[in-house]
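Each chain, letter by letter, is given below.
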Amino acid sequence: MIKVNADIHQAAELLNKEELVAIPTETVYGLAGNIYSEKAIKGIFEMKKRPFFNPLIVHIKSLEYLKEVAIDVPENAYKLANAFWPGPLTLVLKKKENISDLVTAGKDTVAVRIPDHPIALALLEILDFPLAAPSANPFGCISPTQAQHVANYFPDELKMVLDGGICERGIESTIVGFQEGKTILYRYGSVAVEDIEAVVGEVFFITKNDTTPDAPGMLTKHYAPKTATYLTENVAELISSFIGKRIGVLLLDGKLAIDSQITTIVLSEKGDLIEAAKNLYESLHQLDKMNLDVIIAQKMPEVGLGVSINDRLERATKK
Ligand code: TXA
Ligand code: MG
């Protein structure tokens, strides 16, 4: 049976024994293991049923520690680290030789961030090694934003979830890398692209392509509820095409009046995209449990975190 508690010493003891522990971060819960333990890293891929071509994010405790995992760090990476760490921005950098191919999926780069969560930071502080941690969900499922989501996914396989409450940001970190002097976006996430551009200038996009998953967060189907999900600008019209079905509706704000018979979740009463991002996955978890025929999600405005939320919702619609 999985244990759910906030005891960092118990978590450290397991991690020191090359076992896995789910940890809280400000974005989503991560399934963590010692980056220098082959047993732990293999265990992460097995527990998640994650393909080995999909590399992991390395969580470090401080900017000083960056030189233990990455080399040739460009000036713009330091600018971004200074602006956003600890925080939900992952940097893809040239890896140091001793970082295993299992962590990086054979790439010569490593993805790194400092999480902005007091319990995660306290844990990293008492460990002698960084933690590789993908989101703590089976591959392709909705990411966990509370300890209980993780416990529901891995009730027997996992020994412990370190409980840090509800994740403040609610969607994964934004991932950027650097190629030929350009800043490249690999995954939309909790830091808005506009905020990155304010620090380093224009951000370029890699094409979304399933066959060359440079960042498999870019895989088309990902973060998906089991219930058929639709994303639309015209919620009322789509509802009318599902008469007689059990419908769940996910709205940005409280402006649209929906028939009270229809299960409706509002992400942010006042339409705040940061609050909406925080509530997104928990709302999808809730709707997915309700045995509905369809989930109809309202498209967010394409600014700030609205872009990241739409990105996740678009993936949720893929079957
Ligand atoms: O917010 C987050 O980033 C959470 C928390 C736990 O930190 N972690 C997370 O991990 O979302 P995961 O494994 O679900 O997503 C990691 C993403 C994948 O899309 C992976 O392809 C990309 O990071 N990635 C890792 N290493 C990479 C590399 N060297 N180059 C490009 N993308 C990389
Ligand atoms: Mg994930």
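Residues numbered from 1 in each chain as written. Chains lettered and ligands numbered in written order. Predicted model: local features only at pLDDT ≥ 70, side-chain atom pairs only at ≥ 80, totals over all residues.

1. Remarks on the overall build of the protein
The number of helices and strands found in the protein is 10 helices and 16 strands. The C-alpha radius of gyration of the protein comes to 19 Å, within 12% of the 20 Å expected for a compact globule of 319 residues. With the principal axes as the frame, the protein shows a C-alpha extent of 60 × 50 × 35 Å. With 319 residues in all, the protein has 46% of them scored as buried. (Helix = DSSP H or I, 4+ residues; strand = E, 2+ residues; numbered from the N terminus. Rg over C-alpha atoms; globule rule 2.2 N^0.38 Å. Buried ≥ 20, exposed ≤ 12 C-beta atoms within 10 Å, placed from the backbone.)

2. Overview of the UniProt feature "binding site: ATP" (unreviewed entry) in the protein
In this numbering, the UniProt entry assigns the feature "binding site: ATP" (unreviewed entry) to Arg50, Asn54, His59, Thr109, Ser135, Ser143, Arg187 and Tyr223. Maximum C-alpha separation among the annotated residues is 24.4 Å over a sequence range of 174 residues, too wide for a single clustered spot. Tracing the backbone through its elements, the reader meets arginine 50 in the loop between helix 2 (38-48) and strand 4 (57-59). If we ignore the near neighbours within four places in the chain, the residues touching arginine 50 are Phe45, Pro134 and Phe139. In this fold, histidine 59 is placed in strand 4. Since 26 C-beta atoms lie within 10 Å of it, histidine 59 is described here as buried. Excluding residues within four positions of it along the chain, histidine 59 makes contact with Arg113, Pro115, Leu124, Pro130, Leu131 and Ala133. (UniProt positions renumbered as here; feature names shortened; annotations may be inferred. Contact = placed C-beta atoms within 7 Å.)

3. A short note on helix 5 (residues 118-126)
Among all positions of helix 5, only Ala120, Leu123 and Leu124 are buried. For helix 5, the angular spread of the buried residues around the axis is 100 degrees, confining them to a single face. Looking at helix 5, the residues exposed on the side facing more than 90 degrees away from the buried face are Pro118 and Glu125. On its buried side, helix 5 packs onto helix 1 (8-16), strand 2 (21-23), strand 4, strand 8 (131-132) and strand 9 (160-162). (Arc of directions from axis to C-beta.)

4. Overview of the UniProt feature "domain: YrdC-like" (unreviewed entry) in the protein
Within this numbering scheme, the UniProt entry marks residues 5-191 as carrying the feature "domain: YrdC-like" (unreviewed entry). Helix makes up 27% of residues 5-191 and strand 23%, whereas the separation of the span's terminal C-alpha atoms amounts to 29 Å.

5. A look at the packing of helix 1 against helix 5
Relative orientation and spacing of two packed helices are given, respectively, by the angle between their axes and the distance between those axes. Two elements in contact, helix 1 and helix 5, have axes whose closest approach is 10 Å; the angle formed by their N-to-C orientations is 50 degrees. When the axis of helix 1 is compared with that of helix 5, the two are oblique. As for the relative orientation of helix 1 and helix 5, their crossing is right-handed in sense. Of the residues in helix 5, those in contact with Ile8, Ala11 and Ala12 of helix 1 are Ile119, Ala122, Leu123 and Ile126. (Axes fitted to C-alpha atoms, helices over the stretch in contact; angles between N-to-C directions. Parallel < 35°, antiparallel > 145°, perpendicular 65-115°, else oblique. Left-handed = near helix turned anticlockwise from the far one by under 90°.)

6. Points about the domain arrangement of the protein
Partitioning the protein into domains gives domain 1 (3-218) and domain 2 (228-316). On a C-alpha basis, the centroid separation for the pair domain 1 and domain 2 is 27 Å. Contact residues are listed per partner, giving 15 residues for domain 1 and 15 residues for domain 2. For the side of domain 1 that touches domain 2, the residue count by class is five nonpolar, seven polar and three charged. (Domains from an automatic or database assignment. Nonpolar A, V, L, I, M, F, W, Y, C, P; charged D, E, K, R; others polar.)

7. A short note on helix 2
By the burial criterion, the buried members of helix 2 are Ala40, Ile41, Ile44, Met47 and Lys48. Around the axis of helix 2, the buried residues are gathered within 130 degrees of arc, so they sit on the same side. For helix 2, the exposed residues set more than 90 degrees away from the buried face come down to Lys39 and Glu46. Elements in contact with the buried residues of helix 2: strand 3 (30-34), helix 4 (101-104) and strand 8. Of the residues trailing helix 2, lysine 49 is marked for its positive phi of about 55 degrees.

8. Quick notes on the sheet that holds strand 13 (residues 228-232)
Pairing is parallel across the open sheet formed by four strands, whose spatial order is 13-16-14-15. Either end of the sheet is taken by a strand with one partner, and the two such strands are strand 13 and strand 15 (263-266). Neighbour-to-neighbour, the strand axes of this sheet turn through a mean angle of 20 degrees, independent of strand direction. Note: strand 14 (residues 247-251) against strand 16 (residues 294-298), four bridges, orientation parallel. What sits directly across from isoleucine 247, in strand 16, is valine 294. (Pairing = 2+ DSSP bridges.)

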